[in-house]
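# Breakdown of the fold
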Amino acid sequence: MSVDEILDYDSAFEKYEPVLGFEVHVELNTKTKMFSSAPNAFGDDPNTNVNEVDLGLPGVLPVVNKAAVESSIKIGLALNCQIAETCRFARKNYFYPDTPKNFQTSQYDEPIAFDGHLDIELEDGEVFRVEIERAHMEEDAGKLTHMGGAAGRIQGADYSLVDYNRAGVPLVEIVTKPIVGAGKRAPELAKAYVAAVREIVKNLGVSDARMERGNVRCDANVSLKPIGQEKFGTRSETKNVNSLRAVEHAVRFEIQRHAAVLEAGEKVVQETRHWHEDTRTTTSGRPKSDADDYRYFPEPDLVPVVASREWVEELRATLPEPPAERRKRLKAAWAYSDLEFRDVVNAGVMDLIEETVAAGLKPAAARKWWMGEVVGRAKAAEVEPGELGITPAVLVEVAALVDGGKINNKMASQVLDGVLAGEGTPEEIVAARGLAVVSDDGPLLEAIDAALAAQPDVAEKIRGGKVQAIGAIVGGVMKATRGQADAGRVRELILEKLGVEG
């Protein structure tokens with residue numbers, strides 16, 4: 001049987017239940033690297049942010065970055081972890097071109113943080129507790145670029161280029177305990193967990209948390225065990241998945257692949273896997289190493305890190321409000337329903353609404369403008385709402401124009417189009433496009449007379465008490481005035497003209 005064969009997703013759960021585990025790597029945004037004074041910067045020319053420590057040249061000695069240790073402690077605290085009073089670094093030995101020292105300085109049996117948890121809320125409000133085994137400090141490896149191959153991978157490449165700019169960048173690796181009980185929601189939980197970690201480190205200010213840059217990467221471990229069996233199955237580890245959607249899809253695919261292997265009477269191979277976004281499949285990488293294979297031993301060039309209780313408490317006092325608590329507070333303050341608030345969070349506009357409310361707009365109005373006018377435009381442009389070019393200040397100004405009767409909602413949409421086109425401020429766009437609402441009763445009455453004359457049957461219905469039919473007349477007036485009439489005033493004038501009370 002081909003390893004790429006998969007079983008129907010629902011069928012996989014008739015006999016098996018998944019066991020998950022995640023290793024999330026968070027690059028810290030310190031000014032310098034973990035053990036050297038080389039700059040920690042993204043996007044510079046290859047091999048320009050390196051020094052003799054990063055390259056492992058003879059006779060050099062590493063020095064621990066205190067800011068990186070502080071960031072690591074903050075992450076541990078935010079994950080509800082215990083913080084070790086003392087911990088030490090270890091050498092993880094392996095040979096690969098992106099690791100010039102032939103070992104990675106990491107932590108093994110003495111991590112900086114351990115025994116934590118995160119409560120993960122899914123979209124429908126169900127909560128799963130994910131237990132955190134450890135969060136440990138280490139350094140990142142360099143980056144290989146494989147040249148000549150069709151897929152950018154080492155298979156089929158003619159040669160590879162190595163960039164050591166990333167070598168030595170501070171990392172915190174967050175390792176969960178095995179996660180059991182998610183069932184068919186396992187892929188959804190995987191996505192939500194990584195999203196929660198990303199949100200936490202971004203909220204702490206310790207990482208730029210941009211997954212497309214590799215600031216947050218996930219190794220997703222999946223195994224299946226027969227329902228009711230205590231012993232876990234053999235796991236696979238899909239490496240370096242760098243988007244939330246990919247994490248979800250990779251877990252789903254591996255569940256289906258494992259089930260197909262087991263149903264065929266074969267054994268799952270313990271190995272690493274590569275994720276392919278174009279086909280939404282994984283392919284085999286290399287046999288998965290266990291800890292013994294890395295020959296860990298204490299780093300002889302670094303003394304233990306001592307985190308005094310006073311220092312830990314000082315750092316705890318600097319932590320911002322946890323994202324989950326902030327969401328609860330904002331939901332209550334804004335009086336949004338569960339569905340309304342979930343939509344706001346899922347659309348990525350919660351922070352923007354908070355800024356808009358702070359700038360003076362009421363919560364309901366802020367949600368209406370962001371969800372009704374901005375989110376759709378952002379999706380069409382394939383950018384995040386905050387990157388579109390419409391700011392909270394712009395929406396407050398546009399809303400004030402509508403509330404003041406200068407423009408209506410249809411015109412407001414045109415004003416926002418003008419803002420995105422770089423035509424100026426909302427006020428300038430209203431003036432330049434001639435978008436002001438027609439509030440003079442004279443032109444409105446002329447348009448009303450024409451609309452009534454064109455639809456005498458509707459006029460009779462209104463006179464007969466069917467006031468809801470007025471929409472057809474209002475529509476005719478709006479069309480005649482190119483949408484610039486005040487619909488409320490038009491309705492009032494129609495009723496007055498027909499002698500009907502509204």
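What you see is a predicted model, and the numbers here were worked out from it, not measured in a lab. (Residues numbered from 1 in each chain as written. Predicted model: local features only at pLDDT ≥ 70, side-chain atom pairs only at ≥ 80, totals over all residues. Heavy atoms only, no water.)

## Details of the sheet that holds strand β16 (residues 297-298)
Note the cut-off: Pairing between two strands is assigned when DSSP locates at least 2 bridges connecting them. A run of H or I in DSSP counts as a helix once it spans at least four residues, and a run of E counts as a strand once it spans at least two, with each numbered from the N terminus.
What the 3 strands build is an open sheet, ordered β5-β4-β16; its pairing is antiparallel. Every other strand in the sheet has two partners, leaving β5 (103-106) and β16 as the edge strands with one partner each. The pairing of strand β4 (residues 90-93) with β5 spans 4 bridges and is classified as antiparallel. Counterpart to A90 in the pairing with β5 is S106.

## What about the domain arrangement of the chain?
What counts is decided by this rule: Domain start and stop points were drawn from an automatic or database domain assignment.
You can read the domains of the chain as domain 1 (9-315), domain 2 (321-433) and domain 3 (441-498). One C-alpha centre belongs to domain 2, the other to domain 3, and the line joining them spans 32 Å.

## Structural notes on helix α12 (residues 426-433)
Test applied: Partly exposed describes any residue whose relative accessible area lies between the buried limit of under 20% and the exposed limit of over 50%, with all areas from a 1.4 Å probe on protein chains only and scaled to the type maximum. The arc under discussion is defined with respect to the helix axis, by the directions toward the C-beta atoms. In this analysis, two residues are considered to be in contact whenever any of their non-hydrogen atoms come within 4.5 Å of each other.
Taken as a whole, α12 has its buried residues at P426, I429 and V430. Seen along its axis, α12 keeps its buried residues to an arc of 100 degrees; they face one direction. Exposed and facing more than 90 degrees away from the buried side of α12 are A431 and A432. Against the buried residues of α12 lie α10 (392-403) and α11 (409-420). G434 occupies a position one or two residues after α12 and carries a positive phi of about 60 degrees.

## Some remarks on the environment of D219
In plain terms, the rule: Counting of polar contacts relies on pairs of N or O atoms within 3.5 Å, with two restrictions inside protein: one atom must be capable of donating a hydrogen and the other of accepting it, and residues adjacent in sequence are counted only when both atoms are side-chain atoms.
With respect to the secondary-structure elements, D219 resides in strand β12 (residues 216-226). Separated by 23 residues in sequence, D219 and N242 place their C-alpha atoms 9.1 Å apart. Among the polar contacts made by the side chain of D219, one reaches the side chain of H25 at a distance of 3.1 Å.

## What about the pairing of strand β13 (residues 236-241)?
Short version of the rule: Assignment of crossover handedness uses the view with strands pointing away from the viewer, where a clockwise path from the first strand over the helix to the second indicates a right-handed crossover.
Two elements, β12 and β13, share 4 bridges in a ladder whose sense is antiparallel. Its bridge partner lying in β13, V222 is registered against S236. With respect to chirality, the unit in which β13 leads through helix α4 (residues 244-263) into the neighbouring parallel strand β14 (residues 271-276) is left-handed.

## Here's the deal with the pattern of salt bridges
Under the convention used in this document: One speaks of a salt bridge when a side-chain nitrogen belonging to Lys or Arg is within 4 Å of a carboxyl oxygen belonging to Asp or Glu.
Tallied over the entire structure, the rule returns 37 salt bridges. Linking R217 and E27 is a salt bridge whose minimum nitrogen-to-oxygen distance equals 3.5 Å. In this pair, R217 sits in strand β12 while E27 sits in strand β1 (residues 16-27), placing the two residues 190 residues apart along the sequence. We note that R217, like E27, is buried. Close ionic contact of K331 with D338 constitutes a salt bridge, the shortest N to O distance being 2.9 Å.

## Focus on the packing of helix α8 (residues 350-358) against helix α9 (residues 363-381)
Where we set the bar: To obtain each axis, a line is fitted to C-alpha atoms, and for helices this fit is confined to the stretch in contact; angles are then taken between N-to-C directions over 0 to 180 degrees. Convention used here: angles under 35 degrees read as roughly parallel, angles over 145 as roughly antiparallel, angles from 65 to 115 as roughly perpendicular, and any remaining angle as oblique. Rotating anticlockwise by less than a right angle from the far helix to the near helix defines a left-handed crossing, while the corresponding clockwise rotation defines a right-handed one. Ten residues, namely Ala, Val, Leu, Ile, Met, Phe, Trp, Tyr, Cys and Pro, are considered nonpolar, four, namely Asp, Glu, Lys and Arg, are considered charged, and the remaining ones, Gly among them, are considered polar.
Between α8 and α9, the shortest axis-to-axis distance is 9 Å and the interhelical angle comes to 130 degrees. What the angle tells us is that α8 and α9 run oblique. Helix-helix and strand crossings are classified by hand; for α8 and α9 the assignment is right-handed. Judged by residue contacts, L352, I353, T356 and V357 of α8 engage P363, A366, R367 and W370 from α9. For the contact of α8 with α9, the per-class residue count stands at 6 nonpolar, 1 polar and 1 charged.

## Section: the nonpolar core
Filter applied, for reference: Remark: nonpolar core denotes a set of buried residues (Ala, Val, Leu, Ile, Met, Phe, Trp, Tyr, Cys) joined through side-chain atoms within 4.5 Å.
Counting residues in hydrophobic clusters, the biggest one holds 71 residues, and the most contacted among them are I174 and Y193. With 11 residues, the single largest contributor to this core is helix α3 (residues 186-204). If near-sequence neighbours (up to four positions away) are discounted, I174 is found in contact with F22, E23, V24, V26, I75, L79, I132, R134, A135, Y193 and V197. A399, I407, A412 and V430 belong to the second largest nonpolar core, which has 34 residues in total.

## Brief notes about α11
To keep things clear, this is the line we draw: Expected helix span is given by 1.5 Å per residue-to-residue step, counting one fewer step than there are residues.
A rise of 1.5 Å per residue sets the reference length of α11, with its 12 residues, at 16 Å; its end C-alpha atoms lie 17 Å apart and thus fit the reference within 8%. Considered for burial, the residues of α11 that qualify are M411, A412, V415, L416, G418 and V419. Along the axis of α11, the buried residues cluster in a sector spanning 155 degrees; they form a single face. On its buried face, α11 sits against α9, α10 and α12. Two to three positions downstream of the cap, the backbone nitrogen of K410 sits 3.2 Å from a side-chain oxygen, assigning the N-cap of α11 to N408. One or two positions beyond α11, positive phi appears at G422, with a value near 75 degrees.

## Regarding the pairing of strand β7 (residues 127-139)
The pairing of strand β6 (residues 113-121) with β7 spans 8 bridges and is classified as antiparallel. Among the inter-strand pairings, F114 is bridged to a residue of β7, identified as R134. Counted between consecutive antiparallel strands, the loop separating β6 from β7 contains 5 residues, among which G125 sits at a positive phi close to 100 degrees. In the sheet, β7 pairs with strand β10 (residues 170-176) via 7 bridges, with the strands oriented antiparallel. Following the sheet pairing, R134 is matched in β10 by V175.

## Points about the side chain of R377
Mapped onto the elements, R377 comes out in helix α9. Look at R377 and you get buried, because its relative accessible area is 17%. There is a polar contact of 2.6 Å between the side chain of R377 and the backbone oxygen of E373. Beyond its immediate chain neighbours, meaning those up to four positions away, R377 contacts L388, I390, S413, L416, D417 and L420.

## With respect to the packing of aromatic side chains
Threshold: Pairing of aromatic rings covers Phe, Tyr and Trp, the last counted by its six-membered ring, and requires centre-to-centre distances within 6.5 Å; plane angles under 30 degrees mean stacked, over 60 mean edge-to-face, and any other angle means tilted.
Under the defined criterion, the tally for this structure stands at 9 aromatic pairs. Between F22 and Y193, the ring centres sit 5.6 Å apart and the planes meet at 25 degrees, which makes this aromatic pair stacked. Residue F22 is found in strand β1, and its partner Y193 is found in helix α3; the two are separated by 171 residues along the sequence. A residue is classified by how much of its surface remains accessible, and F22, at 1% relative accessible area, is buried. Each ring, one from F35 and one from F89, has its centre 5.2 Å from the other, and the planes form 85 degrees; the classification is edge-to-face. Taken together, the residues F35 in the loop between β1 and α2 (66-78) and F89 in the loop between β3 (86-87) and β4 connect sequence positions 54 residues apart. Each member of the pair F35 and F89 is classed as buried. Three or more aromatic residues joined by ring pairs form one cluster here, namely Y94, Y108, Y294 and Y296.

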